[in-house]
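# Structural overview
Now for the letters of each chain:
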Amino acid sequence: MLPGPPVRAETIRVTIEKLVFSPAEISAVVGDVIEWQNKDVMAHTATAKDGFDVVIPPGKTATLTVTKAGVFDYYCRFHPNMKARLQVR
Ligand SMILES: [Cu+2]
C-alpha cells in the first residue's frame with residue numbers, strides 16, 4: 001500500500017505574559033511544533049522533568065517539535081510557580 005500524503009504538522013502557540021503560560025493546557029500530536037512567545041522582560045523556560053527544556057529569552061519565541069506521546073507537565077526553571085501542561089496524542 002502506498003503511503004498517503006504527509007500529515008501537515010501544526011504549530012501550537014503559547015504566550016507567556018506576566019509569568020503566566022496561556023493557554024495553560026494544550027494538546028498536540030507527534031510532529032507538531034509548540035511555539036512559546038515570551039512577552040516578558042525576563043527569560044523563561046518550558047521545562048518538563050524527563051522531557052524537554054526550552055529557554056525562551058525575553059521578547060523572543062522558541063519552538064519545540066513534539067517527538068513522543070504522553071502528558072507533560074512543564075514549568076519554568078526560573079519561576080517554578082509557572083506551570084502548564086502539554087498533552088501529546
Ligand atoms: Cu520564568
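Rules of the game
- Residues numbered from 1 in each chain as written.
- Predicted model: local features only at pLDDT ≥ 70, side-chain atom pairs only at ≥ 80, totals over all residues.
- Heavy atoms only, no water.
- Donors = N, O, S within 2.8 Å, 3.2 Å for Na, K, Ca; no water.
- Helix = DSSP H or I, 4+ residues; strand = E, 2+ residues; numbered from the N terminus.
- Buried < 20%, exposed > 50% of the residue type's maximum accessible area, 1.4 Å probe, protein only.
- Salt bridge = Lys/Arg side-chain N within 4 Å of Asp/Glu carboxyl O.

### Some words on the coordination of the copper ion
Taken together, His44 (ND1), Cys76 (SG) and His79 (ND1) make up the full set of protein donors to the copper ion, lying 1.9 to 2.1 Å away. Going along the chain, you hit the donors of the copper ion in the pattern H-x31-C-x2-H. Note that histidine 44 is positioned in strand 5 (residues 44-48) and cysteine 76 in the loop between strand 8 (70-75) and strand 9 (83-88), a separation of 32 residues in sequence. Cysteine 76 matches histidine 44 in its accessibility class, with the two residues each being buried.

### Focus: the pattern of salt bridges
Tallying each qualifying case throughout the model produces three salt bridges. Linking glutamate 35 and arginine 13 is a salt bridge whose minimum nitrogen-to-oxygen distance equals 3.3 Å. Here arginine 13 lies in strand 1 (residues 11-17) and glutamate 35 lies in strand 4 (residues 33-38), a separation of 22 residues in the sequence. The exposure class assigned to arginine 13 is exposed, which follows from its relative accessible area of 55%. In this structure, arginine 85 engages aspartate 73 in a salt bridge whose closest nitrogen and oxygen atoms are separated by 2.7 Å. With arginine 85 in strand 9 and aspartate 73 in strand 8, the pair connects residues that are 12 residues apart, well separated along the chain.

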